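Examination of the molecular architecture
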Amino acid sequence: MKRIFLTFSLTLCCLIVWAIDYDKEFARVGFIDIQQIDSTIVVDLKYSSTDNFMGINMYGDLHKAYLRPEIAKKVAKAQKLLKEINSDYSLIIYDAARPISAQKSMFNKVKGTKYQRYVANPYNGGGHHNFGCAVDLTILYQGKPVDMGTDFDSFSTLSHIDNEDTNLKNGTLSKEAYNNRKLLRSIMKKVGFNTERCEWWHYDCYRIKYARQNFPLLDF
């Protein structure tokens, strides 16, 4: 009975999410579609498909990467720096601003599992994505993702950034993946982003306390 109720709840949440007019809601709060600033940035929102760690489309028909204006400009600046290194490189965004409705669906799905620690609790104020202050991304080379040692949303210690030197030495992280992570991190830090210890793909611009105190929650 508990499993049936959980399945029903998740289905209901997904239907609610899919009914949202994202363009209208993000325009209402003044957010920007990243490709309006730089059309060369590739967008592939993983939570708008089943190609994610939950295997569920959590975003419905949302396929644009929306961010706070100042953060979108920083991502565009990072793309420019990357292109200056090699014109065959490009950033690809896997996740950006996330409405709290989707956060609740996601959290309810992983609650009580090993993945819970990786998903911000929407009932405790939400996380960076719920304020449009974070972006998940990687680098493409000639249209294909470079080796980062793990896939996006691979929640293992190999995805952590604080043990890369050790993983390089013991051979669990290749030199190529190590260098690619360093490249991504260098350009993102240069334009003002912070890292996330457990996720090589996650970058945010503000500490969560500051975001909660100064920005509106994406309450839709």
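Summarised in this report is the structure supplied together with it. (Residues numbered from 1 in each chain as written. Predicted model: local features only at pLDDT ≥ 70, side-chain atom pairs only at ≥ 80, totals over all residues. Heavy atoms only, no water.)

Quick look at helix α5 (residues 100-110) now. Along α5, 8 of the 11 residues are buried, which leaves the element largely enclosed by surrounding structure. All of the buried residues along α5 are Ile-100, Ser-101, Ala-102, Gln-103, Ser-105, Met-106, Phe-107 and Val-110. Immediately downstream of α5, the backbone of Gly-112 shows phi near 85°, a positive value. (Buried < 20%, exposed > 50% of the residue type's maximum accessible area, 1.4 Å probe, protein only. Helix = DSSP H or I, 4+ residues; strand = E, 2+ residues; numbered from the N terminus.)

By secondary structure assignment, the location of Ser-90 is in strand β4 (residues 89-95). Here the alpha-carbon distance between Ser-90 and Ala-19, two residues 71 residues apart in the chain, equals 32 Å. Side-chain polar atoms of Ser-90 contact the side chain of Gln-79, separated by 3.2 Å. (Polar contact = N/O pair within 3.5 Å; in protein donor to acceptor, adjacent residues only side chain to side chain.)

As a further point, take the environment of Ala-96. Here Ala-96 shows up in the loop between β4 and α5. Its relative accessible area of 2% is what places Ala-96 among the buried residues. Distance in space between the C-alpha atoms of Ala-96 and Asp-204 is 9.9 Å, their sequence separation being 108 residues. When neighbours within four sequence positions are excluded, Ala-96 is seen to be in contact with Leu-45, Ala-65, Tyr-66, Leu-67, His-129, Ala-134 and Val-135. (Contact = heavy atoms within 4.5 Å.)

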